Amino acid sequence: MENRTFYNEILTEHNIHPIYKTKLIEPQRSLRGVNPSCGDDITLQLNVSDDGVIEDGAFFGDGCAISQASADMMLELVIGKKVKDALLLKDIFMKMIKDKVTEEELEMLEEAGSLQDISHMPSRVKCAVLGWRTLEALLKEESDDVSTEDI
Amino acid sequence: MENRTFYNEILTEHNIHPIYKTKLIEPQRSLRGVNPSCGDDITLQLNVSDDGVIEDGAFFGDGCAISQASADMMLELVIGKKVKDALLLKDIFMKMIKDKVTEEELEMLEEAGSLQDISHMPSRVKCAVLGWRTLEALLKEESDDVSTEDI
Amino acid sequence: MKIGSNNMNIEEIRKDFPFFEKSELAYLDNSATTQRPRQVIEAVMDYEYYHNANPFRGLYELSIDATERYEAARTKVARFINAASDQEIIFTRNASESLNLVAYSLGGMCLREGDEIITTVVEHHSNMLPWRHVAKHCGATVKYLECEEDGSFSLEKFKSLLSEKTKIVAMTAMSNIFGRVIDIKAFAEAAHEVGAYFVADGAQSVPHSVTDVQALGVDFLAFSGHKLLAPMGIGVLYGKKELLSKMPPYQTGGEMIEYVTLDDVTYAELPHKFEAGTVNAAGAVGLAAAIDYITEIGLHNIEERELELTRMAFDGMKSIPHVIILGGDKAEDHHGIITFKIEGVHPHDIAAIIADANVAVRAGHHCAEPLHQFMGIPSTTRASLMFYNTEDEVQRLIDIVRKIRPMMGYPD
Amino acid sequence: MKIGSNNMNIEEIRKDFPFFEKSELAYLDNSATTQRPRQVIEAVMDYEYYHNANPFRGLYELSIDATERYEAARTKVARFINAASDQEIIFTRNASESLNLVAYSLGGMCLREGDEIITTVVEHHSNMLPWRHVAKHCGATVKYLECEEDGSFSLEKFKSLLSEKTKIVAMTAMSNIFGRVIDIKAFAEAAHEVGAYFVADGAQSVPHSVTDVQALGVDFLAFSGHKLLAPMGIGVLYGKKELLSKMPPYQTGGEMIEYVTLDDVTYAELPHKFEAGTVNAAGAVGLAAAIDYITEIGLHNIEERELELTRMAFDGMKSIPHVIILGGDKAEDHHGIITFKIEGVHPHDIAAIIADANVAVRAGHHCAEPLHQFMGIPSTTRASLMFYNTEDEVQRLIDIVRKIRPMMGYPD
Ligand SMILES: Cc1ncc(COP(=O)(O)O)c(C=O)c1O
Ligand SMILES: Cc1ncc(COP(=O)(O)O)c(C=O)c1O
């Protein structure tokens with residue numbers, strides 16, 4: 001089956017049983033990200049401590065398995081990390097999707113690294129990066145909704 | 001030369017030296033006929049006596065040699081004839097252009113019969129019949145301008 | 001022999017389509033656009049190579065010939081949908097342009113402040129946005145007829161929306177989501193009773209069933225060539241002559257005028273009044289060839305064949321757990337269109353998995369976003385069949401769909 | 001080798017055009033539409049046979065591929081006219097549609113009661129009527145810049161028409177009657193000085209000379225594929241991105257929206273906002289192939305070759321008694337277009353006689369009726385050359401024109 005490798009267990013697990021697909025009670029920051037061409041739509045919420053650590057996060061919305069699982073894996077990865085480290089991870093993730101990363105970098109992405117093969121599927125790239133794009137905007141305190149059209 | 005037969009002497013003579021291309025001083029009836037697709041534009045004027053004889057006629061305007069010569073030949077033919085005979089001649093002329101006429105009928109058309117070959121040139125048919133169409137409308141006392149689009 | 005005793009010889013038919021020679025793809029996205037037979041593209045090629053000139057006004061034979069070929073295509077289209085006159089056929093770029101044209105021109109003619117347009121929630125954006133646009137412009141209101149769960153419309157509900165204020169009704173003859181044929185004759189009659197004009201969107205119906213505009217009694221009908229085996233870039237607007245003659249032109253420019261001065265303009269006769277600029281004669285010739293092709297096989301045979309395939313697809317898909325097919329619950333209601341969802345799986349993933357199995361279907365809202373909102377579903381997946389599809393292709397669809405939930409980590 | 005040391009190998013080039021194989025016609029009506037090389041029609045065929053799917057939104061490879069081919073054609077067009085971005089290229093049906101689009105959308109954006117549009121008396125109906133239409137609608141006025149006898153425009157006269165009220169200037173870059181290249185850069189600058197937008201009609205100029213929209217400084221440029229060796233049914237509107245983004249959409253429907261609800265709509269990004277309905281991907285691919293073909297020969301070589309042919313035609317025609325050529329009195333001012341009258345002979349007869357000699361020229365007002373009124377001539381005859389024409393064809397034109405007056409019964 002051609003698809004086995006692609007819709008792998010990590011991905012399907014994060015999609016069917018997401019850990020962070022919920023709403024924060026009092027989110028400090030919240031931002032919507034949409035993927036107009038295929039309808040993925042998430043709202044990302046974060047609480048960042050005064051010393052710049054992402055203390056808590058959640059997302060809700062609707063979209064394909066890749067967009068949802070990717071957001072979930074991302075939150076699993078960045079919660080507890082400093083904002084600047086989260087942004088660094090974002091750069092590594094984007095590099096992985098658009099180009100290539102080293103073994104070392106791949107390991108830093110933990111489960112999010114399982115999306116590596118998306119780089120061969122141009123039509124799904126937008127889905128995979130939606131969460132990360134929204135995270136970036138949120139951390140940089142942009143206030144406009146994120147649309148992958150603007151990438 | 002392919003065109004010799006078509007732009008024959010009768011036609012060119014009526015075109016360059018028309019007999020009836022003028023204006024009547026006090027025309028009883030006057031009607032404009034146009035050929036939108038190629039721009040032929042004539043105004044036909046007639047005086048008809050009380051007993052139904054076409055006593056005088058003229059035309060003016062602008063158009064290709066065929067439209068102008070045809071109108072001129074037509075007037076030469078119908079002036080002095082009864083209205084009903086003129087309409088009969090119109091029928092014969094139309095039949096000649098659209099289909100075929102007998103030798104006898106052709107003779108009745110006098111010089112106008114020289115336009116017989118037009119029937120093989122669909123794009124010029126409108127030019128040849130413009131005068132006759134206008135004549136018909138004028139004799140039937142229609143008041144709208146004639147347009148060959150309506151044929 | 002393309003037509004056997006009982007049905008068609010699909011093997012033979014598929015040989016007409018170069019696409020199937022080179023590709024193993026099961027092409028089940030025919031509602032979006034069809035593949036093209038050799039006969040159609042060769043007709044276009046023949047025109048472009050040997051008969052091309054700018055139609056109209058050329059006095060030389062090549063241009064007269066080009067004009068005749070273009071007008072012969074018009075006659076062919078007129079006969080195909082049983083229009084009363086060639087002058088009722090306007091060539092456009094596609095169904096969308098046809099609908100924009102009629103919305104602008106008919107709307108401009110008959111809409112006044114406070115008037116109403118009725119359309120339906122199932123419409124393709126191309127038969128909804130132009131009406132909203134012209135309504136806004138004229139101070140009119142658009143009302144939406146809701147559909148039933150099976151994709152049908154209630155004539156009673158429709159009548160309750162109608163009033164003296166209703167000036168235009170715009171309705172699809174077949175939804176691109178449900179595939180159900182709508183009895184537009186009855187709706188057109190009801191619209192006419194209150195003095196409203198009836199515009200039918202035939203983009204999906206014309207390629208798959210016999211259309212008789214006079215029997216249907218519609219005032220306008222729009223459709224696209226590319227969904228009908230014809231090339232891209234050619235579409236049709238049918239309109240009743242008495243209405244078209246009264247309507248103002250849409251686009252202006254070359255070939256659609258009779259006289260122009262710096263102060264005034266007189267427009268050309270129908271249908272040229274509505275065809276500004278150099279016409280797409282090659283496209284029209286291609287559409288005529290497509291109509292010939294379809295007519296040779298016979299639309300009735302096509303309908304029969306498509307029903308067979310639809311049955312197989314419908315029954316097969318229905319038997320898969322957690323697959324829900326939208327619209328009617330009989331194959332007969334679907335005319336080759338199976339729009340479905342799979343519980344727990346996003347359509348984007350469905351389509352990607354199906355695509356990976358080399359089967360082409362479409363995911364999204366299929367340019368009918370309001371309908372999806374009305375149904376409370378963000379998006380769906382659609383397989384759409386054409387007579388040239390094979391049982392094998394349909395089976396490949398069913399087989400892969402059956403595997404999707406397990407692949408996505410569900411126990412069944 | 002299509003290009004020799006000094007000029008082209010016309011023999012070789014003509015082999016690319018199936019038309020010349022089968023026909024003895026001297027085709028001198030290229031301003032109306034050109035003939036098509038094999039390379040162009042084969043590209044269309046290849047697309048329609050093997051790569052056709054509805055572009056956009058398809059997740060399967062065939063549709064992604066179709067989208068890429070369509071967008072690659074856009075990139076090619078952008079480079080051809082040196083647009084700053086692909087998003088500045090909108091595909092339309094023809095130049096007429098492009099001009100209707102910009103008139104409607106730009107006019108709708110910037111025209112208020114009392115404003116003025118300036119256009120010229122030489123414009124093709126397609127660059128005149130849409131402006132009159134939108135002006136009427138918005139309560140604006142259209143003013144006409146007159147041309148000089150040689151077909152040129154006076155920048156001084158133009159400036160004297162400009163004022164704060166001027167919002168749009170619409171002007172041809174090359175008249176289809178005179179063939180003179182207009183220095184639109186200077187006119188665009190002057191227009192910009194009063195804050196007006198400048199729309200150039202490139203239907204005749206783009207196929208025959210290098211176009212650089214950025215160097216010219218125009219805000220919009222319209223042209224047709226079919227006058228540029230491409231198939232019918234595809235045209236282009238170039239527009240500056242910052243303007244296009246602000247302008248309202250023209251046609252509405254599928255593929256040009258981002259979100260639609262029953263109450264609201266958000267339009268798609270450029271250029272899709274202006275391309276409603278299924279796009280003519282095959283046409284765009286054909287246009288790209290035509291641009292490749294032209295680029296391979298080289299537009300500069302084409303210009304040189306066409307100047308040679310123009311010289312021959314101009315000098316030959318000028319030497320015939322009673323023949324009067326409209327416009328400039330140097331071959332250089334004509335770019336392949338020789339519009340003429342013969343004293344005492346109606347253009348309809350001229351064209352018919354020339355047609356009978358198997359030479360294709362056009363008679364009438366060439367969709368520039370106001371210009372003919374301005375010049376006081378009801379109609380004219382036009383021969384228009386393309387690089388693929390031969391000296392022999394030009395000679396045949398000259399020979400038959402020389403015989404016309406004698407045939408019509410004149411002594412000379
Ligand atoms: C100067 C000019 N503008 C506009 C047009 C209109 O082009 P089209 O008929 O392809 O829309 C033409 C061609 O006829 C033209 O010569
Ligand atoms: C029902 C319906 N109407 C209108 C259209 C618009 O057709 P086109 O995109 O060819 O203009 C379509 C096709 O997408 C359709 O399915």
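Heads up: these notes are all about the structure in this document.

Cut-offs applied
- Residues numbered from 1 in each chain as written.
- Chains lettered and ligands numbered in written order.
- Predicted model: local features only at pLDDT ≥ 70, side-chain atom pairs only at ≥ 80, totals over all residues.
- Heavy atoms only, no water.
- Helix = DSSP H or I, 4+ residues; strand = E, 2+ residues; numbered from the N terminus.
- Rg over C-alpha atoms; globule rule 2.2 N^0.38 Å.
- Buried < 20%, exposed > 50% of the residue type's maximum accessible area, 1.4 Å probe, protein only.
- Contact = heavy atoms within 4.5 Å.
- Areas by Shrake-Rupley, 256 points an atom, 1.4 Å probe, with all protein chains shown as cover.
- Lys, Arg positive; Asp, Glu negative; His and termini not counted.
- Charge placed at Lys NZ, Arg CZ, Asp CG, Glu CD.
- Buried area = accessible area lost by both parts, 1.4 Å probe.
- Salt bridge = Lys/Arg side-chain N within 4 Å of Asp/Glu carboxyl O.
- Polar contact = N/O pair within 3.5 Å; in protein donor to acceptor, adjacent residues only side chain to side chain.
- Nonpolar A, V, L, I, M, F, W, Y, C, P; charged D, E, K, R; others polar.
- Near = heavy atom within 4 Å.
- Least-squares fit on C-alpha atoms with pLDDT ≥ 70 in both.
- Pairing = 2+ DSSP bridges.
- Axes fitted to C-alpha atoms, helices over the stretch in contact; angles between N-to-C directions.
- Phe/Tyr/Trp six-rings, centres within 6.5 Å; stacked < 30°, edge-to-face > 60°.
- Lys NZ or Arg CZ within 6 Å of the ring centre and 35° of its normal.
- Right-handed = clockwise from strand over helix to strand, strands pointing away.

With respect to the overall build of chain A
Okay, step 1: On a plain count of helices and strands, chain A comes out with five helices and four strands.
Okay, step 2: Its C-alpha atoms give chain A a radius of gyration of 14 Å, within 12% of the compact-globule value 15 Å for 151 residues.
Okay, step 3: Referenced to the eigenvectors of the C-alpha coordinate spread, the extents of chain A come out at roughly 45 × 35 × 30 Å.
Okay, step 4: Counting across all 151 residues of chain A, residues that qualify as buried make up 55%.
Okay, step 5: When contacts within chain A are restricted to residue pairs at least 6 apart in sequence, those whose partners lie at least 24 apart make up 59%.
Okay, step 6: Approximately 7,100 Å² of chain A is accessible, and the part contributed by carbon and sulfur atoms is 46%.
Okay, step 7: Separation of charge centres in chain A, based on 16 positive and 30 negative side chains, amounts to 4 Å.

So, the interface of chain B and chain C
Okay, step 1: Contacts between chain B and chain C engage five residues on the former and six residues on the latter.
Okay, step 2: Both faces considered, chain B and chain C share a buried interface measuring about 510 Å² in area, 56% of it formed by carbon and sulfur atoms.
Okay, step 3: One can count zero salt bridges joining chain B with chain C.
Okay, step 4: Along the contact surface separating chain B from chain C lie zero residue pairs in polar contact (both at pLDDT 80 or more).
Okay, step 5: Per-class residue counts for the side of chain B that touches chain C are two nonpolar, two polar and one charged.

Looking at the site of ligand 2
Okay, step 1: Around ligand 2 sit 14 residues in total, of which Ser96, Asp201, Ser224 and Lys227 of chain C together with Thr278 of chain D are the nearest.
Okay, step 2: The site occupied by ligand 2 is bordered by residues of chains C and D.
Okay, step 3: Between ligand 2 and Ala95 of chain C, the relevant distance is 3.4 Å, taken from an oxygen atom to a main-chain nitrogen or oxygen of the residue.
Okay, step 4: At 2.5 Å, a side-chain N or O of Asp201 of chain C approaches a nitrogen atom of ligand 2.
Okay, step 5: When isolated, ligand 2 has an accessible area of 390 Å², and the protein chains bury 95% of it.
Okay, step 6: Residues of the shell around ligand 2, tallied by class, amount to two nonpolar, ten polar and two charged.

Some words on the relation of the copies chain C and chain D
Okay, step 1: Least-squares fitting of chain C to chain D yields an RMSD of 0.0 Å, with the transformation described by 0.0 Å of translation along the axis and a rotation of 180 degrees. Here the symmetry operator amounts to a two-fold rotation axis. Of every C-alpha in chain C, the one belonging to Gly233 of chain C sits nearest the axis of rotation, 2.9 Å from it.
Okay, step 2: The overlap is high: 100% of the interface residues of chain C also sit at the interface in chain D, so the same surface is used on both sides.

Remarks on the interface of chain C and chain D
Okay, step 1: Across the boundary between the two partners, chain C contributes 88 residues, which contact 88 residues of chain D.
Okay, step 2: Contact between chain C and chain D buries roughly 7,000 Å² in total, counting both sides, with carbon and sulfur atoms accounting for 56%.
Okay, step 3: Linking chain C with chain D are four salt bridges, by the criterion used here.
Okay, step 4: Inspection of the chain C/chain D interface yields 52 residue pairs in polar contact (both at pLDDT 80 or more).
Okay, step 5: Top contributing element to the side of chain C that touches chain D by residue count: helix H3 (residues 38-51) of chain C, with eight residues.

Things to note about the sheet that holds strand E3 (residues 54-62) of chain B
Residues and elements named next belong to chain B.
Okay, step 1: Across the sheet, four strands lie side by side as E3-E2-E1-E4; this open sheet has mixed pairing. The sheet is open, and its two edges are formed by E3 and strand E4 (146-147), each paired on a single side.
Okay, step 2: Here strand E1 (residues 29-35) pairs with strand E2 (residues 40-48) via seven bridges, running antiparallel. By the bridge assignment, Val34 is partnered in E2 with Asp41.
Okay, step 3: Its contacts with the sheet put helix H2 (residues 65-78) on E2 and E3, and the angle it makes with E3 is roughly 175 degrees.

Notes on unusual backbone geometry
Residue and element names in this part refer to chain C.
Okay, step 1: Here the amide bond leading from Leu270 into Pro271 is cis, since omega sits at -5 degrees, within 30 degrees of zero.
Okay, step 2: Along the chain, Pro271 falls in the loop between strand E10 (265-267) and helix H11 (281-297).
Okay, step 3: Here the phi dihedral of Asn82 falls at roughly 55 degrees; this positive angle occurs in a residue that is not glycine.
Okay, step 4: Looking at where Asn82 falls in the secondary structure, it is placed in the loop between helix H4 (61-80) and strand E2 (89-92).
Okay, step 5: The phi dihedral of Asn358 falls on the positive side, at around 65 degrees, and the residue is not glycine.
Okay, step 6: Tracing the backbone through its elements, the reader meets Asn358 in the loop between helix H13 (347-356) and strand E13 (359-360).
Okay, step 7: On the basis of relative accessibility, which here comes to 33%, the residue Asn358 falls in the partly exposed class.

Structural notes on the pattern of salt bridges
Any two side chains of opposite charge can pair, on the condition that their charged atoms come close.
All names here are of chain C.
Okay, step 1: On inspection of all chains with the given rule, the structure shows 68 salt bridges over all chains.
Okay, step 2: A salt bridge links Glu116 to Lys143; its shortest N-O distance comes to 3.5 Å. You can see Glu116 sitting in strand E3 (residues 116-120) and its partner Lys143 sitting in strand E4 (residues 141-145), a full 27 residues away along the chain.
Okay, step 3: Assessed through its relative accessible area of 30%, Lys143 is described here as partly exposed.

Quick notes on the packing of aromatic side chains
Okay, step 1: Within the structure shown, the criterion is met by 31 aromatic pairs over all chains.
Okay, step 2: Here the aromatic rings of Phe19 of chain C and Tyr27 of chain C are separated by 6.1 Å at their centres, their planes lie at 70 degrees, and the arrangement is edge-to-face. You'll find Phe19 of chain C and Tyr27 of chain C in the same group, each marked buried.
Okay, step 3: Centre to centre, the rings of Phe17 of chain D and Tyr293 of chain D are 5.9 Å apart; their planes meet at 85 degrees, and the pair counts as edge-to-face. With Phe17 of chain D in the loop between helix H1 (10-15) and helix H2 (18-22) and Tyr293 of chain D in helix H11 (residues 281-297), this pair connects stretches of sequence that are 276 residues apart. Accessibility assignment for this pair places Phe17 of chain D and Tyr293 of chain D in one class, buried.
Okay, step 4: Taken together, the ring pairs connect Phe17, Phe19, Phe20, Tyr27, Tyr293, Phe387 and Tyr388 of chain C together with Tyr60 of chain D into an aromatic cluster.
Okay, step 5: Of note, Arg405 of chain C hangs over the ring of Tyr410 of chain C, and the distance from its end group to the ring centre comes to 3.9 Å.

Points about the site of ligand 1
Okay, step 1: Near ligand 1 you find 14 residues, and of these Thr278 of chain C together with Ser96, Asp201, Ser224 and Lys227 of chain D are the closest.
Okay, step 2: The site occupied by ligand 1 is bordered by residues of chains C and D.
Okay, step 3: Contact distances for ligand 1 include 2.5 Å between an oxygen atom and a side-chain N or O atom of Ser96 of chain D.
Okay, step 4: In the environment of ligand 1, an oxygen atom lies 2.7 Å from a nitrogen or oxygen atom belonging to the side chain of Lys227 of chain D.
Okay, step 5: Protein burial of ligand 1: of its 390 Å² of free accessible surface, 95% is covered by the chains.

Observations regarding the pairing of strand E6 (residues 197-201) of chain C
Residue and element names in this part refer to chain C.
Okay, step 1: By the criterion of burial, E6 is predominantly enclosed, with five of the five residues buried.
Okay, step 2: Covered by surrounding structure in E6 are Tyr197, Val199 and Asp201 together with Phe198 and Ala200, the residues of both alternating faces.
Okay, step 3: As paired strands, strand E5 (residues 166-172) and E6 are joined by five bridges and run parallel to one another. Along E6, the bridge assignment pairs Thr172 with Asp201.
Okay, step 4: This β-α-β element, E5 to helix H8 (residues 184-193) to E6, shows right-handed connectivity.
Okay, step 5: As judged from the three bridges shared by E6 and strand E7 (residues 220-224), these two strands associate in the parallel manner. In the sheet register, Val199 faces E7, and the bridge partner there is Phe220.

Remarks on the side chain of Ser67 of chain A
Residues and elements named next belong to chain A.
Okay, step 1: Mapped onto the elements of the fold, Ser67 is located in helix H2 (residues 65-78).
Okay, step 2: At 3.1 Å, the side chain of Ser67 forms a polar contact with the side chain of Gln68.
Okay, step 3: Excluding anything up to four places from it in sequence, Ser67 contacts Asp40 and Cys127.

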